[in-house]
Amino acid sequence: MTKQKSRLIEIFEKYEQEILEDWMREQIASITYRKDLLTEAGLRKQSAELMGLIITASRSGNVTDISAPEWKPVLDFLAATSKTRAAQGFTTQETATFIFSLKQPVFARMKLELGTNAVALAEEIWIATVLLDKLGLFTAETYQKSREDIIRRQQMELLELSTPVIKIWEGILVLPLIGTLDDARTQVVMENLLQNVVDTNSSIAIIDITGVPAVDTLVAQNLIKTVSAARLMGAHCIISGIRPQIAQTMVHLGVEFGDVVTKASLADALKYAFQQAGITVT
Amino acid sequence: MSQKEPETIEIKISEDILRARQSVRTCMVDLGFSLIDQTKMVTAASELARNTIDYGKGGTMRIEYPAEEGRTGIRLIFLDHGPGIADIQQALKDGFTTGSGLGLGLGGSKRLVNDFEIRSEPDKGTQVTVTRWR
Ligand SMILES: Nc1ncnc2c1ncn2[C@@H]1O[C@H](COP(=O)(O)OP(=O)(O)O)[C@@H](O)[C@H]1O
Ligand SMILES: [Mg+2]
């Protein structure tokens, strides 16, 4: 096939309005259209802007290499749009539809323009497909990355939320741990606990691990670190909620909590703590 | 009983350890293992997956369902192409670590499973296979 200049730009320019209208129709008719998240006016504004940017970029004559500088405004716009959509709660599919639904209107106009020349039509459709697929893929990828960033941030927030330190009595703190205790989490837990020890001037801290599904050597090591740090601050730690299967696993692993007082249940730990603090509970 | 298909899970970042543990847990629940068996195997998986990342530069965990002599079980194969272990006997000793761990992961895992096999070649990588039978 002879390498001819693509007529894509011609078609874009000639039918800009028609393509935009068809594209809008496609998007609104699509099952992935989220009327609840994006108004028709908002969608139209985004679509028109992207259309304009694509036309400007295509004028350079390059409609294949989207990493070239002339396509940067298009990519920037797509990145911003998919980021917003990720934050608004669109799915990957819904976000990718934005680009992929442009195919049908473009193909329709090409057919109208080149209908009699099958070879040219095939060639142009191929060029348009490759271009729109690249743009669609780029959109999906940025969306994915934004989602991951959001999830990571939510995880961090969750991390802090899920490590509450409760002052259960004057001088007694309870720290119910839920989930696993990796290094990042240990840091949060430890800081939280130490800060609370200081703030409440507590002398006893109960770390309850009922909600921890498995104690491997890292979790054990991190618990011991936390207990030692609390001890340096003058607080005595009790580890409670060691379920039978966890105790047995720990024995096989060979990990021990050393001289740390351990109790089977939180109730036992509390009883012990009250005793230590000289509190009689009737 | 439905036949379970083997699967391979990437072990590259610390979140993968969580995923690996969850997969092992789910499979063992499906196979009807007791809570204590689940906890032992999940803990061993956690140790070996962390070694794969910390020392093996990342790798994979394969879950298989061996059946022989009328018994069935679950088998985990941790594979990496990291630096390998020069002295396996030493690595298995309780308290031995070249990192900052407790040095109980390998020895402990061995005690938590029914069958334990380790193969390693310097500069080629490490493969640890653990099996628990029902
Ligand atoms: N996959 C591996 N690749 C290379 N070396 C390993 C691997 N797994 C374990 N090792 C070596 O064996 C030692 C002992 O491992 P382990 O018993 O899990 O203790 P720890 O993880 O606390 O160091 C490690 O410190 C490391 O030197
Ligand atoms: Mg280890």
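Described below are features of the structure shown in this document. Quick caveat, the model's predicted, so the values are computed rather than measured. (Residues numbered from 1 in each chain as written. Chains lettered and ligands numbered in written order. Predicted model: local features only at pLDDT ≥ 70, side-chain atom pairs only at ≥ 80, totals over all residues. Heavy atoms only, no water.)

Comments concerning empty space enclosed by the protein
Argument step 1. One pass over the full model with this rule turns up three cavities of 30 Å³ or more.
Argument step 2. Each pocket or cavity is described by its volume, and for the largest cavity that value is around 100 Å³.
Argument step 3. Going through the elements one at a time, α9 (217-232) of chain A together with α1 (14-30) of chain B are the ones with two or more residues in the lining of the largest cavity.
Argument step 4. In terms of residue count, α1(B) provides more of the lining of the largest cavity than any other element does, four residues in total.
Argument step 5. Of the residues that constitute the lining of the largest cavity, the class distribution is five nonpolar, two polar and four charged.
Argument step 6. Size it by volume and the second largest cavity reaches roughly 80 Å³.
Argument step 7. Lining the second largest cavity are Gln27(A), Thr32(A), Tyr33(A), Arg34(A), Leu38(A), Leu43(A), Arg85(A), Phe90(A), Glu94(A), Thr97(A) and Phe98(A).
Argument step 8. For the lining of the second largest cavity, the element with the most residues is helix α5 (residues 92-100) of chain A, which contributes three residues. (1 Å grid on protein atoms, 1.4 Å probe; cavity = no way out; pocket = protein on both sides within 12 Å on 5 of 7 lines; lining within 4 Å. Points joined across faces, edges and corners; volume = space filled by probe spheres on them. Helix = DSSP H or I, 4+ residues; strand = E, 2+ residues; numbered from the N terminus. Nonpolar A, V, L, I, M, F, W, Y, C, P; charged D, E, K, R; others polar.)

Section: the side chain of Ser47(A)
Argument step 1. Position of Ser47(A) relative to the elements: it lies in helix α3 (residues 40-58).
Argument step 2. Here Ser47(A) is in contact with Leu20(A), Trp23(A), Met24(A), Gln27(A) and Phe98(A), once residues within four sequence places are set aside. (Contact = heavy atoms within 4.5 Å.)

Focus: the packing of helix α2 (residues 16-29) of chain A against α3(A)
All names here are of chain A.
Argument step 1. The interhelical angle for the contact between α2 and α3, taken along N-to-C directions, is 135°, at an axis separation of 10 Å. It follows from the interaxial angle that α2 and α3 lie oblique. α2 and α3 meet at a crossing whose hand is right-handed. Here Glu 16, Ile 19, Leu 20, Glu 21, Trp 23, Met 24, Gln 27 and Ile 28 of α2 lie close against α3, whose contacting residues are Glu 40, Leu 43, Arg 44, Ser 47, Ala 48, Leu 50, Met 51, Gly 52 and Ile 55.
Argument step 2. Among the residues making up the contact of α2 with α3, the classes are represented as ten nonpolar, three polar and four charged. (Axes fitted to C-alpha atoms, helices over the stretch in contact; angles between N-to-C directions. Parallel < 35°, antiparallel > 145°, perpendicular 65-115°, else oblique. Left-handed = near helix turned anticlockwise from the far one by under 90°.)

Considering the environment of Arg119(B)
All names here are of chain B.
Argument step 1. Tracing the backbone shows Arg 119 in strand β5 (residues 115-121).
Argument step 2. Residue Arg 119 is classed as exposed on the basis of its relative accessible area, which comes to 53%.
Argument step 3. Those residues within four positions of Arg 119 in sequence are excluded, and the remaining contacts are Gly 125, Thr 126 and Gln 127.
Argument step 4. For Arg 119, the side chain forms a polar contact with the side chain of Glu 117, separated by 3.4 Å. (Buried < 20%, exposed > 50% of the residue type's maximum accessible area, 1.4 Å probe, protein only. Polar contact = N/O pair within 3.5 Å; in protein donor to acceptor, adjacent residues only side chain to side chain.)

Observations concerning the environment of Ser146(A)
Argument step 1. Tracing the backbone through its elements, the reader meets Ser146(A) in helix α7 (residues 118-161).
Argument step 2. Along the primary structure Ser146(A) and Arg85(A) are separated by 61 residues, whereas in three dimensions their C-alpha atoms are 9.2 Å apart.

A short note on the sheet that holds strand β3 (residues 204-211) of chain A
Residue and element names in this part refer to chain A.
Argument step 1. Taken together, five strands build an open sheet; the order of strands is β1-β2-β3-β4-β5 and the sheet is mixed. For this open sheet the edge positions go to β1 (166-169) and β5 (261-263), each flanked by a neighbour on one side alone. Looking at each pair of strands side by side, their axes are set apart by 30° on average, direction ignored.
Argument step 2. Across six bridges, the pairing between strand β2 (residues 172-178) and β3 is parallel. The residue bridging Pro 176 from the neighbouring strand is Asp 208, located in β3.
Argument step 3. Packed on one face of the sheet, helix α8 (residues 183-200) meets β1, β2 and β3 and runs near 165° to β2.
Argument step 4. Packing against the sheet, helix α11 (residues 266-276) makes contact with β1, β2, β3, β4 (236-240) and β5, and its axis sits at approximately 175° to β3. (Pairing = 2+ DSSP bridges.)

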